[in-house]
Amino acid sequence: MVEQTIKNEIQKRRTFAIISHPDAGKTTLTEKFLLYGGAINTAGSVKGKATAKYAVSDWMEIEKERGISVTSSVLQFHYNGYCINILDTPGHQDFSEDTYRTLMAADSAVMVIDASKGVEEQTIKLFKVCVMRHIPIFTFINKMDRDAKDSFELLDDIETVLGIHTCPINWPIGSGKQFKGIYDRKAKKVRTFESVATGGLKSAAETDYDLNDPALKELATDELYEQLIEEIELLDGASDPLDMEKVQSGELSPVFFGSALTTFGVETFLKYFLEMTTSPLPRLSNEGSIDPIEHDFSAFVFKIQANMNKAHRDRIAFMRICSGKFEADREVYHVQSKRTLKLSQPQQIMAQDRQVISKAYAGDVIGVFDPGIFAIGDTITLPGSKFEYEGIPTFAPEHFARVIQLNSMKRKQFVKGITQIAQEGAIQIFQEYTAGMAEIIVGVVGVLQFDVLKYRLENEYGCEIRLESLPYAFIRWVGDPSTDVTKLKRMNNVKAVKDMKGNPLLLFVNDWMIRMVLEDNEGLELLEFKKN
Ligand code: G4P
């Protein structure tokens, strides 16, 4: 029998990631969520650009110098009886593989879209990972207080670019200076918008009207009112019904409109979102599906971060608890190393500080001190259980450079450094096939990681390097690892490399070349993600 408190704790948990293109409003929305939960008192504390107060995730000098957040953090808050974990992903253009991996730890995703822009590049990339995992995706169309694209066009954009069906839960009346409010299709009420400068305020003034209330007609103006009635009819007739099964499998995205900056539509979104998402669901292992409530403690490592404290050269392993209750003084079993151990200094990473914790539940993320034994994708269970969770895929880097070591006397440190950094998962390293030449090619998801690599090799390992940029932008794993890539046809301008495990890969300058190589080599399979 599972203890009732454990069951209650797990059932009230919601763990999700927010995905967006930079500047769509992810940070602003996150801040507003935290305000509702009382986790912070003033907006602007998550990423204190103006106040120069850095979030805990900004740990490296390079980040401080640039004033951006390269790494991800986890924010936990309570709201309406729910315990919510937001897995924050780096907001800057130069995101890294960590951003992708964070999505492996989430049970659902909130996609923030700038209403004046529609679906943007980075959203597409992150969206692909969500689709691969079949997790529910909720859309928040933000910045309605600014001139927006036509709402139907926005839905069409999501459907055609991302290939997911949409179901608007509410519908905007106008946008920009003409933004009058939002019609809630379920409650059949209009919430009117009044622009107020919010700062630390919890919400803008909001008033609810029935659709046929004469006061609403007056407020919205005849033209916008007529338009709303027409659009509601159109939606009721033409849009997909809210099929929760399709939402759960990530085929249909419930869509909300609002303005995070003025806190309009944020609480409505949060309420519906919490109702529609589920508590942690079973996860697949090599021994079948592991139930989060029925099964005792288990977790998997989805991120490793080195040198959070420079003086100690420490590494923190972030793990997502998948089942049961974690207790700090209990012994756990690390499946990959076959070792029983106690997780040292377990901590929860909050918006502004890091707290040592004694217990946590399925759905939560904890960071533990890593003596160098954990790798991304590892499973932690209790002694006696030996199952392994499905591995975390390796995602395709998009930028490549040849690493040239400037001081050949330090070859050993260089190899050690670059291998360790690669193990943490911020970069991927490859070797060319050319006989005898141990030349290293490094691949990254975001170009900032090149600077991070250079900085860390110099500062932590005393190795100076030069990076020579390579023209490749696409990498594909060869489906059958026993393929002799040196015998493939149409390989001019295509580079064959192998990863540290010896798996063959091909580097391409453009995706047209990928098609050519596939066409000319019958039976060849090329993969975008490498399942581990
Ligand atoms: P991000 O994390 O997705 O990168 O976006 P962030 O929240 O930092 O927002 C990017 C910019 O868009 C910010 O302005 C923010 O104030 C603004 N913004 C966010 N939501 C809304 C909204 O609903 N309406 C309007 N009008 N603006 C919004 P900034 O000037 O770049 O930064 P800041 O100086 O205000 O922090």
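The rules behind the values
Residues numbered from 1 in each chain as written. Predicted model: local features only at pLDDT ≥ 70, side-chain atom pairs only at ≥ 80, totals over all residues. Heavy atoms only, no water. Helix = DSSP H or I, 4+ residues; strand = E, 2+ residues; numbered from the N terminus. Buried < 20%, exposed > 50% of the residue type's maximum accessible area, 1.4 Å probe, protein only. Contact = heavy atoms within 4.5 Å. Areas by Shrake-Rupley, 256 points an atom, 1.4 Å probe, with all protein chains shown as cover. Polar contact = N/O pair within 3.5 Å; in protein donor to acceptor, adjacent residues only side chain to side chain. pLDDT = per-residue confidence, 0-100. Pairing = 2+ DSSP bridges. Axes fitted to C-alpha atoms, helices over the stretch in contact; angles between N-to-C directions. Parallel < 35°, antiparallel > 145°, perpendicular 65-115°, else oblique. Left-handed = near helix turned anticlockwise from the far one by under 90°. Near = heavy atom within 4 Å. Phe/Tyr/Trp six-rings, centres within 6.5 Å; stacked < 30°, edge-to-face > 60°. Lys NZ or Arg CZ within 6 Å of the ring centre and 35° of its normal. Core = buried A, V, L, I, M, F, W, Y, C linked by side-chain atoms within 4.5 Å. Domains from an automatic or database assignment. Patch = residues over 30% accessible without salt bridge, like charges linked within 9 Å, V, L, I, M, F, W, Y side chains within 5 Å. Salt bridge = Lys/Arg side-chain N within 4 Å of Asp/Glu carboxyl O. Lys, Arg positive; Asp, Glu negative; His and termini not counted. Charge placed at Lys NZ, Arg CZ, Asp CG, Glu CD.

**Student:** Looking at this structure, I do not really get the overall build of the protein chain. What am I missing?
**Tutor:** Scanning the protein chain from terminus to terminus reveals 13 helices and 33 strands. Looking at the protein chain as a whole, 55% of its 532 residues qualify as buried. Looking at the protein chain alone, contacts between residues at least 24 apart form 71% of all its contacts between residues at least 6 apart. Carbon and sulfur atoms make up 48% of the accessible area of the protein chain, which totals about 23,100 Å².

**Student:** For this particular structure, what's the right way to read the side chain of Arg 101?
**Tutor:** Take Arg 101: it is sitting in helix H4 (residues 97–104). Take Arg 101: its relative accessible area is 4%, and that puts it in the buried class. Among the polar contacts listed, one links the side chain of Arg 101 to the backbone oxygen of Gly 425, at a separation of 2.7 Å. Those residues within four positions of Arg 101 in sequence are excluded, and the remaining contacts are Phe 302, Ile 376, Ile 392, Phe 395, Glu 424 and Gly 425.

**Student:** Looking at this model, I keep getting lost on the confidence of the model for the protein chain. Mind explaining?
**Tutor:** Close inspection of predicted coordinates is inappropriate in any region flagged by low pLDDT. Per-residue confidence for the protein chain gives a mean pLDDT of 85; residues scoring 70 or more make up 86%. Put simply, helix H3 (residues 61–66) is where the protein chain has its lowest mean pLDDT, 49, and strand S5 (residues 137–142) is where it has its highest, 98. A low-confidence stretch, residues 66–72 stays under pLDDT 50, and its non-local contacts, those more than four residues away or across chains, total 30 contacts.

**Student:** How do you make sense of the environment of Tyr 225 when you look at a structure like this?
**Tutor:** Within the element layout of this structure, Tyr 225 appears in helix H8 (residues 222–238). Classification of Tyr 225 by relative accessible area gives buried; the value is 7%. Beyond its immediate stretch of four places on either side in the chain, Tyr 225 contacts Leu 211, Asn 212, Leu 216, Lys 217 and Ala 220.

**Student:** How should the sheet that holds strand S26 (residues 428–432) be read in this particular structure?
**Tutor:** Strand-to-strand pairing in sheets goes through backbone hydrogen bonds, with the strands running parallel or antiparallel. As summarised here, the arrangement of the 8 strands in space is S28-S25-S27-S26-S30-S31-S29-S32, forming an open sheet in which the pairing is antiparallel. The open sheet has two edge strands, strand S28 (465–470) and strand S32 (526–527), and neither has a second partner. Relative to strand S27 (residues 440–444), strand S25 (residues 399–405) runs antiparallel, the two being bridged by 5 bridges. Bridge pairing in S27 links Arg 402 to Ile 441. Contacting S25, S27 and S28, helix H12 (residues 448–461) crosses the sheet at an angle of about 160° to S28.

**Student:** How should the packing of helix H11 (residues 411–424) against H12 be read in this particular structure?
**Tutor:** Axis angle and axis distance: for two packed helices, these are the angle between their axes and the distance between the axes, and together they describe the pair. Two elements in contact, H11 and H12, have axes separated by 10 Å at closest approach and are oriented at 125°. One finds that H11 runs oblique with respect to H12. Here H11 runs over H12; the crossing is right-handed. Counted together, Gln 413, Phe 414, Gly 417, Ile 418, Gln 420, Ile 421 and Glu 424 of H11 and Leu 453, Arg 456, Leu 457 and Tyr 461 of H12 form the full contact between these two elements.

**Student:** For this particular structure, what's the right way to read the pairing of S27?
**Tutor:** Both faces of the sheet carry side chains from a regular strand, because those side chains alternate between them. Counted residue by residue, S27 has 5 buried out of 5 residues, so it is predominantly covered. The alternating pattern of S27 places Ile 440, Val 442 and Val 444 on one face and Ile 441 and Gly 443 on the opposite face, and all of these are buried.

**Student:** I'm lost on the environment of Arg 339 in this one. Help?
**Tutor:** By secondary structure assignment, the location of Arg 339 is in strand S18 (residues 339–342). Arg 339 sits in the partly exposed class, given a relative accessible area of 43%. Ignoring any residue separated from it by four or fewer positions in sequence, one finds Arg 339 in contact with Val 332, Tyr 333, His 334 and Ile 373.

**Student:** Please clarify how the site of the ligand should be interpreted in this entry.
**Tutor:** Taken together, 18 residues lie around the ligand, and Asp 23, Lys 26, Thr 27, Thr 28 and Asp 145 are the ones closest in. Here a nitrogen atom of the ligand sits 2.8 Å away from a polar atom, N or O, in the side chain of Asp 145. In the complex, the protein chains occlude 72% of the 700 Å² of accessible area that the ligand would expose alone. The element contributing the most residues to the shell around the ligand is helix H2 (residues 26–37), with 3 residues.

**Student:** It is not clear to me how the packing of aromatic side chains should be interpreted in this structure. Could you clarify?
**Tutor:** To describe a pair of aromatic rings, you give the distance between the ring centres and the angle between the ring planes. Applying the stated criterion to the full structure yields 19 aromatic pairs. Between Phe 400 and Phe 430, the ring centres sit 6.4 Å apart and the planes meet at 50°, which makes this aromatic pair tilted. Of the two residues, Phe 400 is situated in strand S25 and Phe 430 in strand S26; the sequence distance between them amounts to 30 residues. Here Phe 400 matches Phe 430 in class, with each residue buried. Connected via pairs of aromatic rings, a cluster forms that spans Phe 16, Phe 33, Phe 138, Phe 140, Phe 256, Phe 269, Tyr 272 and Phe 273. Here the basic side chain of Lys 303 rests over the ring of Phe 318, its NZ or CZ set 5.4 Å away from the ring centre. Lying over the aromatic face of Tyr 433, Lys 498 brings its terminal NZ or CZ to 5.1 Å of the ring centre.

**Student:** Even after reading the chapter, I still don't get the nonpolar core, so can you show me in this structure?
**Tutor:** Looking at soluble globular proteins, one finds that nonpolar side chains tend to be buried together. Membership of the largest hydrophobic core comes to 57 residues, with the highest contact counts inside it found for Met 111, Ile 141, Ile 158 and Phe 257. Viewed by domain, this core spans two of them, domain 1 (16–69 + 108–276) and domain 2 (283–381), each represented by three or more residues. Counting 30 residues, the second-largest nonpolar core is a separate cluster that includes Leu 75, Cys 167, Tyr 272 and Leu 274.

**Student:** In this structure, what is going on with a negative patch on the surface? I would like to understand it.
**Tutor:** A contiguous patch of negative charge, built from Asp 222, Glu 226, Glu 230 and Glu 233, is present on the exposed surface. Following the sequence through the fold, Glu 230 ends up in helix H8. A relative accessible area of 57% places Glu 230 in the exposed class.

**Student:** Explanation requested: unusual backbone geometry in the structure shown.
**Tutor:** Both trends apply: most residues other than glycine have a negative phi, and most peptide bonds are in trans. Within the chain, Thr 221 stands out as a residue other than glycine whose phi angle is a positive 75°. Take Thr 221: it is sitting in the loop between helix H7 (214–220) and H8. The exposure class of Thr 221 is partly exposed, given its relative accessible area of 33%. One non-glycine residue, Thr 263, lies in the positive phi region at around 55°. Mapping Thr 263 onto the fold places it in the loop between strand S11 (252–257) and helix H10 (266–276). Residue Thr 263 is classed as buried on the basis of its relative accessible area, which comes to 1%.

**Student:** What is the right way to look at the pattern of salt bridges in this model?
**Tutor:** Scanning all chains against the criterion turns up 24 salt bridges. Here Arg 191 makes a salt bridge to Asp 208, at a shortest N to O gap of 2.8 Å. You can see Arg 191 sitting in strand S9 (residues 189–193) and its partner Asp 208 sitting in strand S10 (residues 206–210), a full 17 residues away along the chain. On the accessibility criterion, Asp 208 (41% relative accessible area) is partly exposed. Taking the shortest distance from any N to any O, the salt bridge between Glu 432 and Lys 495 comes out at 2.5 Å. Of the two residues, Glu 432 is situated in strand S26 and Lys 495 in strand S30 (residues 495–499); the sequence distance between them amounts to 63 residues. Relative accessible area serves as the criterion here: at 10%, Glu 432 is assigned to the buried category. By relative accessible area, which is 15% here, Lys 495 ends up buried. Linked through salt bridges whose partners overlap, the residues forming this network are Arg 402, Glu 432, Arg 466, Glu 468 and Lys 495.

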